[in-house]
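Take a look at the letters that make up each chain.
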Amino acid sequence: MNTLNGFSQHSGACVTQSTEGRAVQDLQAKKAGKAVGMGTGDSGALTFEDPLSADTSLNETLKLLPDEVKTNMRIKSITPRPPRKPRLERAASLDEKSWRRWRRLRTSQESLTDPNETSSSNGSLQDAALSPAIRGRAAPCDQCCEQDSLRSSPDASEASPTGKSRGSTADLGKRASEISSAFGGLLRGKAFSGSKPRLAQITPTRPLPPVELNVASHALRTTNRIDSDCMDYRHYSQRKLGRVSSSLSDTRLHGSGMVYDNCSTDSMKSTFSLLTPIRAKDVRNRSYLEGSLLANGALLGAEELSRYFPDRNIGIFVATWNMQGQKELPVNLDDFLLPTDPDYAQDMYVIGVQEGCPDRREWEIRLQETLGPHYVMLYSAAHGVLYMSVFIRRDLIWFCSEVEYATVTTRIVSQIKTKGALGICFTFFGTSFLFITSHFTSGDSKVNERKMDYSKTIQALALPRNVPDTNPYRSSSSDVTTRFDEVFWFGDFNFRLNKDRETVDSILKQNLEKDMSKLLEYDQLISEMSRGSIFKGFQEADIHFCPSYKFDIGKDSYDTTSKQRTPSYTDRVVYRSRHKDDIHAVKYSSCPVIKTSDHRPVFALFRVKVRPGRDNIPLAAGQFDRELYLIGIKRRITRELKKREEQKDQKSSSVCSIS
């Protein structure tokens with residue numbers, strides 16, 4: 001019994017079989033009429049029982065699949081060629097080496113995508129087996145080598161008596177021919193062509209595992225967060241897109257294949273774009289015309305509100321100050337507008353002034369300069385010497401409705417409107433706001449006149465005009481404060497302490513340590529509010545500061561003139577809400593460092609609940625006082641540069657002493 005150990009192969013030659021030889025041997029095998037049988041010997045190699053079929057081509061006898069050939073046939077190893085001599089070249093720099101590595105990576109990526117320029121180092125038998133041009137184009141030396149290899153094993157094939165599951169002899173020869181042609185074509189290409197073989201593109205049988213490549217560092221994602229409604233964008237993009245759209249990140253990274261579909265989603269916003277990715281289906285479903293609370297993507301709807309305010313609460317700063325008509329403004333307003341107690345600035349600043357300075361524009365510029373570039377003036381109005389300015393964070397102006405204002409005069413005899421009220425209203429998302437600053441009648445005993453000023457204001461203040469009421473069923477035509485969700489009323493109400501100066505001074509000298517309950521027992525406003533005769537439905541935060549009136553200008557002492565006015569809480573901030581617990585007072589205090597007037601500024605910080613709204617209200621379209629913004633920021637920069645120059649001069653100056 002003869003054993004075929006494998007293909008015999010010479011150095012620089014390969015095993016092949018011509019088409020004509022296979023046809024002749026095919027005819028001889030059919031005439032013999034003998035069944036072909038194969039068996040395995042003790043060594044596990046293929047054995048052929050019929051020695052007469054030794055001249056039969058190897059391609060006619062092998063009917064094994066490629067995997068079975070590898071397991072049942074032992075092929076002699078190919079003697080490798082000696083390595084080539086290394087080429088002498090100059091040492092490359094680090095930049096050249098990195099460029100070459102990048103070029104090789106780029107070339108390999110292009111070869112995987114271009115089927116005409118495909119080359120693989122591991123080799124593929126598919127192109128050699130299926131290409132008839134490679135099989136039919138055999139060099140003469142290839143044929144000689146093939147015949148020599150066949151003669152070296154005369155018992156190359158034998159008949160099998162059964163051929164159960166192996167098919168016919170023709171099929172067996174066809175499959176063996178493909179195998180031998182594959183080996184021959186591969187070796188011929190390496191031995192004689194002198195160029196790398198062009199192989200077919202490798203197609204994996206199963207999906208490749210995802211490449212975990214996160215191009216962003218965790219340190220870059222500390223300031224921005226991905227929104228909760230887009231947390232599943234990564235899984236969606238893996239199924240639908242194949243790779244994240246280049247509009248959501250750096251196009252150069254996408255072009256070089258550095259960003260894939262499984263790139264970290266939480267880094268997408270903070271590293272490449274501050275905007276949250278929007279799905280195409282969400283864009284199709286968004287409707288900005290219906291203006292319903294249930295509409296997805298409404299500009300003033302719940303989704304947008306939760307995006308900016310997850311807890312649906314905004315911070316509002318409300319302040320009042322009687323400037324006494326002084327031309328001189330404080331050098332620094334930081335302690336007034338930006339107190340150090342809260343860690344963060346507020347979302348909205350509303351400042352009301354009574355007996356304002358002659359240059360109203362200069363006052364507004366100072367406010368803009370203090371608040372800085374993060375805030376813009378949404379609106380400003382005046383009624384005589386009553387001023388009110390509304391500043392808001394610049395990224396929130398898109399959610400404000402048109403701003404309306406109205407005025408009321410309570411002292412008709414005076415040509416200069418020093419007493420009266422000024423109201424400004426607008427809607428933020430779905431919550432309507434009304435801010436009123438007033439200057440009531442002065443005098444210790446004129447409580448009734450002050451109550452009349454209040455009644456006239458709530459009846460004559462004609463607001464709102466164009467902006468719709470958010471809840472008309474709870475509104476009253478005789479009280480403007482019932483037509484808004486949140487109302488803040490602040491100003492110089494001129495309510496006094498019903499006690500003589502000596503008694504008040506003795507109480508203040510007791511070091512009350514912010515416990516002003518003894519003084520507040522004599523407060524006129526608290527007494528009238530408890531009776532319900534004024535500010536019905538309003539509340540006031542607890543007072544823990546000293547009376548804001550009346551001081552000597554530039555000093556911390558109360559009135560030392562001949563009139564000896566009693567210190568009083570004339571400057572107040574009260575609030576009202578349609579819904580219970582919508583307004584929460586955080587801080588209520590005065591600013592004792594500003595001493596340019598006989599009044600101290602009084603301010604209050606609030607946390608106010610905001611509700612989603614409808615898109616059918618007239619919007620302000622992002623309008624603000626741009627000229628004021630530019631002037632304030634320019635002055636802010638100029639002051640800072642001047643301050644640094646002064647500090648630099650102080651450090652560089654030196655004093656020389658002569659001993």
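Scroll up to find the structure this text is about.
Predicted model, so just to flag it, every value in this text is computed and none were measured.

**Description of the sheet that holds strand 13 (residues 583–590)**
Then comes step 1: Pairing is mixed in the open sheet, where 6 strands are placed in the order 6-7-5-4-14-13. Edge positions in the open sheet fall to strand 6 (375–383) and strand 13, since each of these has one partner strand only. Geometrically, the sheet is characterised by an average inter-axis angle of 15° between neighbouring strands, direction not taken into account.
Then comes step 2: Sitting on the sheet, helix 15 (residues 360–371) touches strand 4 (313–322), strand 5 (348–354), strand 6 and strand 7 (386–393), and the angle it makes with strand 6 is about 155°.

**Some words on the side chain of Glu-404**
Then comes step 1: Along the chain, Glu-404 turns up in strand 8 (residues 404–409).
Then comes step 2: Although Glu-404 is buried, it forms no salt bridge, and the closest oppositely charged side chain is Arg-465 at an N-O distance of 5.5 Å.
Then comes step 3: Only 2.6 Å separates the side chain of Glu-404 from the backbone nitrogen of Asn-466, close enough to count as a polar contact.
Then comes step 4: Not counting chain neighbours up to four residues away, the residues in contact with Glu-404 comprise Gly-423, Ile-424, Cys-425, Leu-463, Pro-464, Arg-465, Asn-466 and Val-467.

**Re the nonpolar core**
Then comes step 1: Of all hydrophobic cores here, the largest spans 50 residues; its most connected members are Phe-428, Phe-435 and Phe-488.
Then comes step 2: Dropping the residues within four chain positions of it, Phe-488 is found in contact with Ile-316, Val-318, Phe-433, Leu-434, Phe-435, Ile-436, Val-574, Tyr-575, Ile-583, Phe-606 and Val-608.
Then comes step 3: The next biggest cluster of nonpolar side chains, apart from the first, holds 25 residues, and it includes Trp-321, Ile-351, Cys-357 and Ile-594.

**Notes on a positive patch on the surface**
Then comes step 1: Taken together, the side chains of Lys-97, Arg-100, Arg-101 and Arg-104 present a region of like positive charge at the surface.
Then comes step 2: Following the sequence through the fold, Arg-100 ends up in helix 4 (residues 94–113).

**Description of the side chain of Thr-427**
Then comes step 1: Among the secondary structure elements, Thr-427 is positioned in strand 9 (residues 420–428).
Then comes step 2: Residue classification places Thr-427 among the buried residues on the basis of a relative accessible area of 4%.
Then comes step 3: Not counting the four nearest positions on each side in its chain, Thr-427 is found in contact with Phe-399, Cys-400, Ser-401, Ser-432, Val-467 and Ile-617.

**Focus: the packing of aromatic side chains**
Any two aromatic rings considered together are summarised by their centre-to-centre distance and by the angle between their planes.
Then comes step 1: According to the stated counting rule, one finds 30 aromatic pairs in the structure shown.
Then comes step 2: Aromatic pair Trp-321 and Trp-363: ring centres 6.0 Å apart, planes at 55°, arrangement tilted. A residue pair is termed long-range when its members are at least 10 positions apart, and Trp-321 in strand 4 and Trp-363 in helix 15 qualify at 42 residues.
Then comes step 3: On the numbers, 5.1 Å between centres and 90° between planes, the contact of Phe-428 with Phe-429 is edge-to-face.
Then comes step 4: An aromatic cluster is present here, built from Phe-317, Trp-321, Phe-336, Tyr-349, Trp-363, Tyr-375 and Phe-603 joined pairwise through their rings.
Then comes step 5: It is Arg-450 that lies over the ring of Phe-495; its NZ or CZ is 5.0 Å from the centre.
Then comes step 6: One residue, Arg-600, lies across the ring of Phe-551, its end atom 3.9 Å from the ring centre.

What counts and what doesn't
Residues numbered from 1 in each chain as written. Predicted model: local features only at pLDDT ≥ 70, side-chain atom pairs only at ≥ 80, totals over all residues. Heavy atoms only, no water. Pairing = 2+ DSSP bridges. Helix = DSSP H or I, 4+ residues; strand = E, 2+ residues; numbered from the N terminus. Axes fitted to C-alpha atoms, helices over the stretch in contact; angles between N-to-C directions. Contact = heavy atoms within 4.5 Å. Buried < 20%, exposed > 50% of the residue type's maximum accessible area, 1.4 Å probe, protein only. Lys, Arg positive; Asp, Glu negative; His and termini not counted. Salt bridge = Lys/Arg side-chain N within 4 Å of Asp/Glu carboxyl O. Polar contact = N/O pair within 3.5 Å; in protein donor to acceptor, adjacent residues only side chain to side chain. Core = buried A, V, L, I, M, F, W, Y, C linked by side-chain atoms within 4.5 Å. Patch = residues over 30% accessible without salt bridge, like charges linked within 9 Å, V, L, I, M, F, W, Y side chains within 5 Å. Areas by Shrake-Rupley, 256 points an atom, 1.4 Å probe, with all protein chains shown as cover. Charge placed at Lys NZ, Arg CZ, Asp CG, Glu CD. Phe/Tyr/Trp six-rings, centres within 6.5 Å; stacked < 30°, edge-to-face > 60°. Lys NZ or Arg CZ within 6 Å of the ring centre and 35° of its normal.

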